[in-house]
Each structure stands twice: as C-alpha cells, then as structure tokens.
Amino acid sequence: MLNGYGPMDLANSLRAFVQVLERGSMTTAARDLGLSQPAVSKLIRNLESHVGAKLLARGPTGARPTDQGARLRERLGDTLSTIDAAIGAAKGEAGAIGGTLKLQALACLGERHLHDIAHRFRQLHPRVAVDLRLDNMPADLRTGDIDLAFGHTRANAQEVVQSRIGIVRRYLVASPSYVAAHSPIETPAGLAAHDLIVTDASLSENSTLTLRRNGEDLVVTITPTLSTNSASVLLEAIRAGRGVGTAQLLLVDRDIANGQLVRVLPHWEIRPSDLFVSYRATQRLRPVVRAFLDFAVPALREVDGIERNH
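Residues numbered from 1 in each chain as written. Predicted model: local features only at pLDDT ≥ 70, side-chain atom pairs only at ≥ 80, totals over all residues. Heavy atoms only, no water.

A. Seen up close, the overall build of the protein. Helix and strand content of the protein: 10 helices and 14 strands. Per-residue burial for the protein yields a buried fraction of 43% across its 310 residues. Across the protein, every contact between residues at least 6 apart in sequence was considered, and the portion connecting residues at least 24 apart equals 75%. As presented, the protein carries roughly 16400 Å² of accessible surface, and 49% of it is formed by carbon and sulfur atoms. (Helix = DSSP H or I, 4+ residues; strand = E, 2+ residues; numbered from the N terminus. Buried < 20%, exposed > 50% of the residue type's maximum accessible area, 1.4 Å probe, protein only. Contact = heavy atoms within 4.5 Å. Areas by Shrake-Rupley, 256 points an atom, 1.4 Å probe, with all protein chains shown as cover.)

The following block contains the structure:
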C-alpha cells in the first residue's frame, strides 16, 4: 500500500484521469468507464491528493489539464493502454470475448450484410452485444462512440487507422415491368429520357454519374427524380417500377438472380467505390473489437459485389 492508496486504486485513478482528458468531460468519461460522475470525481481527487498537486481545471467548457496534469499525462504515454491491451488479450485468449461492439456502416451494407455477419459473430461469442448504426455520412471517430466504421470515404486524418476491404461494384437496374413499358436504353445518353432513382453515394457533387466500360470512364449528367440515402427506399422504388436505379451489387444481387430486377446498359458499370474499415489510431482495440475485425473483413470479401482486387 502507498499511504493507504493501493496499486489498483492508483491504476483506477490514473485511468479515470486519462479518460477525462481524452473526453474533456467528467460526465462522458464516467459513462465510458461505467462509473457514476461522483465516483470519477473521487478518483481524481484521490489522485491529486496522492501526487500533492491539482491535475485538472474544471470550467464551463469542460475539464482541461493543469501544467502538472499535462506533464503527468505526457509521462504516462501509452502505459495504461498497453497494460489494458495485455490484460484484454489474455482474457481474449482465455475465451472471454464480450462487451458492447459499436459499429457504424453504410445503410446498404448494414441492412443487407453486416447485421448478419454480426449475428454470426455473436453465435461464436454470446457475451457480445452489438450496437449497429447505419449512416452514409463519414463517421466521426474522434468522439470514441464508434469502435469500427465501414464506409467509402478515405480518411485524411492522422488519428484514423484505415484498411481497404475491397471495391464495391454498382449497376444500373430496373424492374422488368419498367423496362417493358418504356423505350429501350441503348446508350448512356438514353438515360436522360428516363426516371432515375439514385443514392447520394453514386453521384458526384455536380450531379454527374460516372460509367465505366472496358476500363474507360464516361461522365453523364443526370437529373434524378428521386435521390435517397436509404437502401430500403431505393430498393422498394426500383422494384415498384418507378425508374432506373443506381444500386450496389451487394444490395441487388438476389433480385438480379431471381429476375425481380434486370440490368440496364449491361455492358456498363457505375464506377466502383472503395470500401474501408476505420478506427481511431489512439483507440485501444479491445479483444471483442479485434476479434470482430478479424471475423468481419474476410466475411465481407466473400459478399457478391465486394471484390478485394480492382
């Protein structure tokens, strides 16, 4: 014991101190640690008493380190994360993979595939709970609310680690009833005479669609009759015969196989997008996160419409 302050007490206080600095809020840090706000405050007070210096300054905009607190944080470095990771790995090796797994994914990927992959993962690890959020906007990994994000956007921030899963292929599709009731589309220019249903991910900022054939790109300006970021809305509208749609193959592969949808301009594809998985560089990957990463990436590469090599 260190003057009645045991090693575990010290470790818990240091962990609370680091979490408050990373989150900038006593309340948020308490939620992350699974503690009450008064309990975290007490840990900080005990640490300050132990070192004999005030470490945090609290204000209306949150908590920030004092000069002594900043020096302590710098000296700690990644020590606590290294210890936690080692303990977590030991637990993981012993089969103790559990906890909440917080994921963000594109709507089409989550609705069509990732939720099923997460379910299969849970069958192997029943102690895991999954929080799956669907959002086509890039994930803000700085908040620490997301363990892993699956999306198309390439990260340009140093604090984000990103791995490329593969490319996602996109087709132009329509229902057989729509094709039968409208004039044939023989060239990309012919799209202008038809109702177009698109996702925001398939269009460029200037409302152009890039088509590709034999490695050559053709940019087509279009005026959609329906734009949506919902995979369900897109698919329902195309199936209902309301127009020609831009769709990821991973979303419509079954519909094409059973004849519910057909390809339009089958010699052309919409320019594919990269699919990435991302997480914070400063984030300690808990055993459950590392295990899911190792499980999900190979599973996604087996999905029809996701190809590892371009």
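B. Here's a closer look at the packing of helix α6 (residues 107–124) against helix α10 (residues 287–301). Orientation of α6 relative to α10, taken along the N-to-C sense of each, is 125°, at an axis distance of 10 Å. Compared by their axis directions, α6 and α10 come out oblique. For the pair α6 and α10, the crossing hand works out as right-handed. Facing α6, whose interface residues are Leu-109, Leu-114, Ile-117, Ala-118, Arg-120, Phe-121 and Leu-124, α10 presents Val-288, Ala-291, Phe-292, Phe-295, Ala-296, Ala-299 and Leu-300. Counted by class, the contact of α6 with α10 contains 13 nonpolar, no polar and 1 charged residues. (Axes fitted to C-alpha atoms, helices over the stretch in contact; angles between N-to-C directions. Parallel < 35°, antiparallel > 145°, perpendicular 65-115°, else oblique. Left-handed = near helix turned anticlockwise from the far one by under 90°. Nonpolar A, V, L, I, M, F, W, Y, C, P; charged D, E, K, R; others polar.)

C. Representation of a positive patch on the surface within the structure. There is a patch of like positive charges on the surface, built from Lys-42, Arg-45, Lys-54 and Arg-58. Mapped onto the secondary structure, Lys-54 falls in the loop between α3 (37–51) and β1 (56–59). Of the residues examined, Lys-54 reaches a relative accessible area of 48% and is grouped as partly exposed. (Patch = residues over 30% accessible without salt bridge, like charges linked within 9 Å, V, L, I, M, F, W, Y side chains within 5 Å. Salt bridge = Lys/Arg side-chain N within 4 Å of Asp/Glu carboxyl O. Lys, Arg positive; Asp, Glu negative; His and termini not counted. Charge placed at Lys NZ, Arg CZ, Asp CG, Glu CD.)

D. Representation of the nonpolar core in the model. Counting residues in each nonpolar core, the largest one holds 46 residues, and the members touching the most others are Leu-109, Leu-148, Phe-150, Phe-292 and Ile-306. For this core, the secondary-structure elements that each account for two or more residues are β3 (99–105), α6, β5 (148–151), β6 (160–174), α8 (231–239), α9 (249–257), β13 (269–280) and α10. A per-element tally of this core places α10 first, with 9 residues. Contact partners of Phe-292, with chain neighbours within four places excluded, come to Leu-101, Leu-103, Leu-114, Ile-117, Ala-118, Phe-121, Leu-148 and Phe-150. (Core = buried A, V, L, I, M, F, W, Y, C linked by side-chain atoms within 4.5 Å.)

E. How the structure looks around unusual backbone geometry. Positive phi outside glycine occurs at Asn-214, with the angle close to 55°. Position of Asn-214 relative to the elements: it lies in the loop between β8 (208–213) and β9 (216–221). We classify Asn-214 as exposed; its relative accessible area is 75%. Notably, Leu-265 is not glycine yet its phi reads approximately 50°, a positive angle. You can see Leu-265 is positioned in the loop between β12 (262–263) and β13.

F. Quick peek at the packing of α6 against α9. Close contact between α6 and α9 brings their axes to 9 Å; oriented N to C, the two are set at 50°. Relative to α9, the element α6 is oriented oblique. Here Cys-108, Leu-109, Arg-112 and His-113 of α6 lie close against α9, whose contacting residues are Leu-250, Leu-251, Asp-253 and Arg-254. Looking at the contact of α6 with α9 residue by residue, the classes come out as 4 nonpolar, 1 polar and 3 charged.

G. Fine view of the pattern of salt bridges. Evaluation of the coordinates by the stated rule reveals 11 salt bridges. Note that Arg-154 and Asp-274 form a salt bridge whose closest N and O atoms lie 3.3 Å from each other. One end of the pair, Arg-154, is in the loop between β5 and β6; the other, Asp-274, is in strand β13, with 120 residues separating them in the sequence. As a salt-bridge pair, Arg-239 and Asp-255 come within 2.8 Å of each other at their nearest N and O atoms. With Arg-239 in helix α8 and Asp-255 in helix α9, this pair connects stretches of sequence that are 16 residues apart. Look at Arg-239 and you get partly exposed, because its relative accessible area is 38%. Via salt bridges that share partners, Arg-154, Arg-164 and Asp-274 belong to a single interconnected network.

Geometry only, nothing functional implied.
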